[in-house]
Amino acid sequence: MLRQVLLGVSRSTRIKKAVTAMPVSSGIVSRFVAGETADTAVLATEKLVSTGLNVTIDHLGEDTTNPVEAQIALDNARTICHAARNAGTTVTLDMEDHTTTDSTLEILRELRQDFPETGAVLQAYLHRTEADCRDLAHAGSRVRLCKGAYKEPESVAFQAKADVDKSYVRCLKVLMKGSGYPMVASHDPRLIAIAGSLADRYGREQGTYEYQMLYGVRPDEQLRLSHEGNTVRVYIPYGQDWYGYLVRRMAEKPANLQFFLRSLISKK
Ligand code: FDA
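Here is what the cut-offs are and how they apply
- Residues numbered from 1 in each chain as written.
- Predicted model: local features only at pLDDT ≥ 70, side-chain atom pairs only at ≥ 80, totals over all residues.
- Heavy atoms only, no water.
- Helix = DSSP H or I, 4+ residues; strand = E, 2+ residues; numbered from the N terminus.
- Rg over C-alpha atoms; globule rule 2.2 N^0.38 Å.
- Buried < 20%, exposed > 50% of the residue type's maximum accessible area, 1.4 Å probe, protein only.
- Contact = heavy atoms within 4.5 Å.
- Areas by Shrake-Rupley, 256 points an atom, 1.4 Å probe, with all protein chains shown as cover.
- Near = heavy atom within 4 Å.
- Polar contact = N/O pair within 3.5 Å; in protein donor to acceptor, adjacent residues only side chain to side chain.
- Nonpolar A, V, L, I, M, F, W, Y, C, P; charged D, E, K, R; others polar.
- Pairing = 2+ DSSP bridges.
- Right-handed = clockwise from strand over helix to strand, strands pointing away.
- Arc of directions from axis to C-beta.
- Salt bridge = Lys/Arg side-chain N within 4 Å of Asp/Glu carboxyl O.
- Core = buried A, V, L, I, M, F, W, Y, C linked by side-chain atoms within 4.5 Å.

Engineer: Now, about the overall build of the protein: what can you tell me, with residues and values included?
Structural biologist: Assigned secondary structure in the protein consists of 12 helices and 7 strands. Taking 268 residues into account, the globule formula puts the C-alpha radius of gyration at 18 Å, and the protein, at 18 Å, falls close to it. Expressed along its principal axes, the backbone C-alpha trace of the protein runs to roughly 55 × 45 × 40 Å. Looking at the protein residue by residue over its 268 residues, the buried ones come to 46%. In the protein, of all internal contacts separated by at least 6 residues, the share reaching a separation of at least 24 is 71%. Total accessible area on the protein stands at roughly 13,900 Å², and carbon and sulfur atoms take up 55% of it.

Engineer: Give me the site of the ligand: which residues, what numbers.
Structural biologist: Taken together, the neighbourhood of the ligand is formed by 26 residues, with Lys147, Gly148, Ser186, His187 and Glu252 sitting nearest. Side-chain polar atom of Gln123 to an oxygen atom of the ligand: 2.8 Å apart, as the coordinates give it. Note that an oxygen atom of the ligand is positioned 2.7 Å from one of the side-chain N or O atoms of Lys147. The protein chains hide 87% of the 930 Å² of surface that the ligand would expose on its own. Among the elements that make up the shell around the ligand, the one with the highest residue count is strand S6 (residues 210-214) (3 residues). Of the residues belonging to the shell around the ligand, the class tally is 11 nonpolar, 6 polar and 9 charged.

Engineer: Go over the pairing of strand S5 (residues 181-185), please, and point to the residues and values.
Structural biologist: Of all 5 residues that make up S5, 4 are buried, and the element is covered over most of its length. Pairing geometry for strand S4 (residues 142-146) and S5, over 4 bridges, is parallel. Bridge pairing in S5 places Leu145 opposite Val184. A crossover links S4 with its parallel partner S5, the connecting element being helix H8 (residues 161-177), and its sense is right-handed. Summarising the sheet, S5 and S6 pair through 3 bridges and their orientation is parallel. Of the residues in S6, the one forming a bridge with Val184 is Tyr211.

Engineer: For helix H7 (residues 129-136), give the residues involved together with the corresponding values.
Structural biologist: Turn by turn, an α-helix covers 3.6 residues, leaving residues three or four places apart pointing in a common direction. Taken as a whole, H7 has its buried residues at Thr129, Asp132, Cys133 and Leu136. Across the axial projection of H7, the buried residues extend over an arc of 105°, all falling on one side. The exposed residues of H7 that point more than 90 degrees off its buried face are Arg134 and Asp135. Lining the buried residues of H7 we find helix H6 (101-114), strand S3 (119-123), S4 and H8.

Engineer: So what's going on with the sheet that holds S4? Which residues, and what values?
Structural biologist: Read across the open sheet, the 7 strands follow the order S1-S7-S6-S5-S4-S3-S2; overall the sheet is parallel. Of all strands in the sheet, those with a lone pairing partner are strand S1 (54-59) and strand S2 (92-93), marking the two edges.

Engineer: Any chance you could break down the pattern of salt bridges for me, citing the residues and the numbers?
Structural biologist: Proximity of charged atoms lets side chains of opposite charge pair with each other. Scanning the model with the defined rule gives 18 salt bridges in all. For Arg85, the salt bridge goes to Glu117, with nearest N and O atoms at 2.9 Å. Highlighted residues: Arg85 in helix H5 (residues 67-86) and Glu117 in the loop between H6 and S3, separated in sequence by 32 residues. A cluster of three or more residues bridged by salt bridges with shared partners is formed by Lys147, Lys161, Asp165 and Asp188.

Engineer: Lay out the nonpolar core in plain terms, naming residues and giving numbers.
Structural biologist: Counting residues in each nonpolar core, the largest one holds 50 residues, and the members touching the most others are Leu145, Leu172, Met176, Tyr211 and Ile236. Looking at this core element by element, the count peaks at 7 residues for H8. Within the second largest apolar cluster, 21 residues are counted, among which are Val19, Phe32, Val217 and Tyr243.

Engineer: Describe in detail the side chain of Thr45, supporting the description with residues and values.
Structural biologist: Note on placement: Thr45 falls in helix H4 (residues 38-49). Here Thr45 is in contact with Val55, Ile57 and Ile236, once residues within four sequence places are set aside.

Structure below.
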């Protein structure tokens, strides 16, 4: 409930103005966002990689509604996929709210013609996702499965946490049983344990799937899983457009919200 309210009011321009007036170095922002420049993402990467973790880097930006900008985004995505391949790495497309799912998966299909290693994000809270997992559980297909972070209507998404979690497990079964490369993007201890059991059940060896978590969220668990021999990747966001991302992190945990409100008040 709180999550839905917070995601809703975050669209207010007054709230956005008040929050983005905070320096990125303030505690609550820097816990979740590496910084505003590429250098800050490189620094965060160096620190995490030195502890045995892998990273995936997100240059923050969202809500592109202009078709011309979207076309430029596809061209840019090709350029980025090229650069990633030259650097020996891969690109995964983030997923925004359900109104963009079809267009994002269409872009994925186009990119995969030249860059089959391009990964997708699927959100377990959407009713459609189990079917999308079936479509994408084939060899060479990299799928990052998360719960989903946007405010979505009942018509398209499960609303209760228990239903989202059950859907996550169903989706995970499809991905683990399939022949693609599942990326288990969750901090939820139950789902992490279930992912390990499913990997055993379907005879997956370490290195044929991986765990992923967000920068600043459960760092001890990231290291624990890595020390057990699992591949663990940390999602590092950076850039000036950090507002929407930060609000979604606040909405996920009430304790973050309290800390955040205190930061705002003490700034005044
Ligand atoms: P849940 O929210 O139930 O949290 C489980 C536990 O994890 C909590 O009890 C708490 O201990 C800890 N936790 C979770 N979030 C926390 C936070 N913000 N602060 C402190 N503790 C926290 N979503 C999306 O819609 N599109 C996308 O493209 C992506 N991409 C993405 C990539 C990666 C690598 C990850 C890990 C996640 C995403 N997400 C995303 C976000 C995802 O949809 C989801 O909102 C968050 O991961 C939180 O869900 P959990 O599975 O962690 O469970």
